[in-house]
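# Observations on chain architecture
The lines below spell out each chain.
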Amino acid sequence: MAEVVFREAGVVAQDRAVAALDASAVAPVHAYLLVGPPGAGAAAAARGFGAALLCAAGGDGTCRDCRLALAGEHPDVRSFAPAGAALRVEEAEAIVREATRSPVEGARKVVVVHDVHRVDVATPALLKTLEEPPASTVFVLLADAVAPEIATIASRCARIDLPPLPVPTIEAALVAEGVAAERAAAVAPAALGDLERARLLASDEDLARRERLWRTLPSALDGTGGTVANAVDELLEHIEEAAAPLRVQQAAEVAALEDRLATTGARGSGGRKALAEQHKRVQRRHRTTELRFGLATLASVYRDHLAAGGPDPAADVAAVDAITAVAEGLIHNPREELVLQALLLRLPSRR
Ligand SMILES: [Zn+2]
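Anyway, here's the lowdown on the structure attached to this text. Bear in mind that the values here come from a model prediction, so they are computed numbers and not experimental data. (Residues numbered from 1 in each chain as written. Predicted model: local features only at pLDDT ≥ 70, side-chain atom pairs only at ≥ 80, totals over all residues. Heavy atoms only, no water.)

## Details of the overall build of the chain
Put simply, the test is: For helices the rule is a DSSP run of H or I covering at least 4 residues; for strands it is a run of E covering at least 2, with both sets numbered from the N terminus onward. As a reference, a globule follows 2.2 Å times the number of residues to the power 0.38, and the radius of gyration itself is taken over C-alpha atoms. Contact definition: two residues touch when any of their heavy atoms are within 4.5 Å. Counting rule applied: Lys, Arg positive; Asp, Glu negative; His and chain ends not counted. The atom standing in for a charge is NZ when the residue is Lys, CZ when it is Arg, CG when it is Asp and CD when it is Glu.
Of the regular secondary structure elements, the chain holds 16 helices and 5 strands. Taken over the C-alpha trace, the chain has a radius of gyration of 22 Å; the compact-globule value for 351 residues is 20 Å, and the two agree within 12%. C-alpha extents for the chain along the principal axes are approximately 65 × 45 × 40 Å. Considering only residue pairs separated by 6 or more positions, the chain has 73% of its internal contacts joining residues 24 or more positions apart. Here the chain contributes 38 positively and 47 negatively charged side chains, and the mean placements of these two sets differ by 4 Å.

Okay, structure coming up:
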């Protein structure tokens, strides 16, 4: 049992996924698909799994292989992610090329692909490599969810789920990290099962104001395009501001990397590029989750109205359905301004 390496990697709870990965590290199949929403621990689990796969002791968390893999710097762990809205053909080709190369140091190579839910059309070469990679290669794919677009990819992998973290788990994790109990209790429900988001919200003074903005939205709606356009502008502005704590955190990570490069004298262009790409990915996810949080708050207004037995319950039901559909479609639709405007035009006013 080497579950320690998953805790070292930052996985919180997720006992079933950790046990499954831990058991798999001994005699892995050729490809795994880790499925879970942002901040539920899939990225950390992939890091821990990479270490467990390369470590001679199955992931003791202390040897050179483990330390390098956990720090994201092992030469036999290669990570990929779509840079744009979807995986480009050149990016798929780069993954295939890397997967067919021999390991640099040991007997095994781990190829990690992030954001597989944004792979809308996989190339035949990628599918074939996923199905039959060289014996030394293990694929670890990560997806927020399994949409029909990635069903063919999913069918070639052993699937491991990392569901959203329960509110009490998030609350306890925040308290264990030094957040005041009252603040942790206030922030945990707004994190939507995402511990990384919870950590940011813990230092986000603006959370209550954003929640109020979404909650009062139905009382401002009057069916006109002008009102809707203004409301969407204001919402997007607040979502932009909500990324402020994230930008502070990322600036600190860049500074830490520069420090490390200065001390070691390494050139570091690869490390800089990888970190910048990771930051972009995290920013995109943060934005999507913030929108989902807003939409969940908005839906709760219509749900409350319905539960209180207000007039026109059918319109409340339709409103909740429309909001839920938009929230679920956000992963695939980056045109959030238009989507939000179209949604708000359809929603009835409620006070
Ligand atoms: Zn080790």
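On we go from here.
## Examining the packing of helix α12 (residues 225-242) against helix α16 (residues 336-346)
Here is the rule we go by: Angular values range over 0 to 180 degrees, each being the angle between N-to-C directions of two axes fitted as lines to C-alpha atoms, with helices fitted over their stretch in contact. Roughly parallel here means an angle under 35 degrees, roughly antiparallel means over 145, roughly perpendicular means 65 to 115, and every remaining angle is called oblique. In this scheme the handedness of a crossing depends on how the near helix is turned from the far one: anticlockwise by less than a right angle means left-handed, clockwise means right-handed. Ten residue types, Ala, Val, Leu, Ile, Met, Phe, Trp, Tyr, Cys and Pro, are classed as nonpolar, four, Asp, Glu, Lys and Arg, as charged, and the remainder, Gly among them, as polar.
Interaxial distance between α12 and α16 falls to 9 Å at its minimum, and their mutual angle equals 135°. In terms of their interaxial angle, α12 and α16 are classed as oblique. Relative to α16, the crossing made by α12 is right-handed. Two secondary-structure elements touch here, α12 through G225, V228, A229, A231, V232, D233, L235 and L236 and α16 through E336, E337, L340, Q341, L344 and L345. Along the lines of polarity and charge, the residues of the contact of α12 with α16 split into 9 nonpolar, 2 polar and 3 charged.

## Quick word on the coordination of the zinc ion
The following threshold applies: Coordinating donors are taken to be N, O and S atoms lying within 2.8 Å of the metal, or within 3.2 Å when the metal is Na, K or Ca; because water is excluded from the atom set, some sites may appear incomplete. A site with four donors is called tetrahedral when every donor-metal-donor angle falls between 85 and 135 degrees; four donors are called square planar, and six octahedral, when opposite donors sit more than 155 degrees apart and all other angles fall between 65 and 115; any other arrangement is irregular. Burial classification: accessible surface area is computed with a 1.4 Å probe over protein chains only, and a residue below 20% of its type maximum counts as buried, one above 50% as exposed, and the rest as partly exposed.
Distances from the zinc ion to its protein donors, C55 (SG), D60 (OD), C63 (SG) and C66 (SG), fall within 2.2 Å. For the zinc ion, the 4 donor atoms in the first shell make angles of 95 to 116° at the metal, a pattern classed as tetrahedral. Each donor residue of the zinc ion belongs to the same chain, with the gaps between them written as C-x4-D-x2-C-x2-C. C55 gets classed as buried once you look at its relative accessible area, which sits at 7%.

## What about the pattern of salt bridges?
Short version of the rule: We define a salt bridge as a contact between a side-chain nitrogen of Lys or Arg and a carboxyl oxygen of Asp or Glu at a distance within 4 Å.
Here the structure, examined in full by the defined rule, presents 26 salt bridges. The closest approach of N and O atoms between R285 and D115, which form a salt bridge, is 3.1 Å. On the criterion of sequence distance, the pair formed by R285 in helix α14 (residues 269-307) and D115 in the loop between β3 (109-113) and α6 (124-131) is long-range, its members being 170 residues apart. Overall, R285 belongs to the partly exposed group, its relative accessible area being 26%. Accessibility expressed as a relative area gives 3% for D115, which makes it buried. One salt bridge connects E258 with R272, and the closest N-O pair in it is separated by 2.7 Å. A residue pair is termed long-range when its members are at least 10 positions apart, and E258 in helix α13 (residues 244-264) and R272 in helix α14 qualify at 14 residues.

## Quick look at the sheet that holds strand β4 (residues 137-143)
Keep this limit in mind: Strand pairing requires that DSSP identify at least two bridges connecting the strands.
As summarised here, the arrangement of the 5 strands in space is β2-β3-β4-β1-β5, forming an open sheet in which the pairing is parallel. In this open sheet, the two edge strands, each paired with only one partner strand, are β2 (77-80) and β5 (158-161). Taken pair by pair, the neighbouring strands of this sheet meet at an average axis angle of 20°, ignoring direction. Of the strand pairs in this sheet, strand β1 (residues 31-35) and β5 are connected by 4 bridges, and their pairing is parallel. Each bridged residue has a counterpart across the sheet, and for Y32 the counterpart in β5 is A158. Its contacts with the sheet put helix α3 (residues 42-54) on β1, β2, β3 and β4, and the angle it makes with β4 is roughly 170°.

## What to know about unusual backbone geometry
The phi angle at A13 is positive, at roughly 55°, despite the residue not being glycine. Following the sequence through the fold, A13 ends up in the loop between α1 (4-8) and α2 (15-24). Taking relative accessible area as the criterion, A13 reaches 29% and is therefore assigned partly exposed.

## Description of the pairing of β1
In terms of burial, β1 is largely enclosed, as 5 of its 5 residues are buried. Neither face of β1 is left uncovered, since the one carrying A31, L33 and V35 and the one carrying Y32 and L34 both have all their residues buried. Where β1 lies against β4, 5 bridges are found, and the strand directions are parallel. The residue bridging L33 from the neighbouring strand is L141, located in β4.

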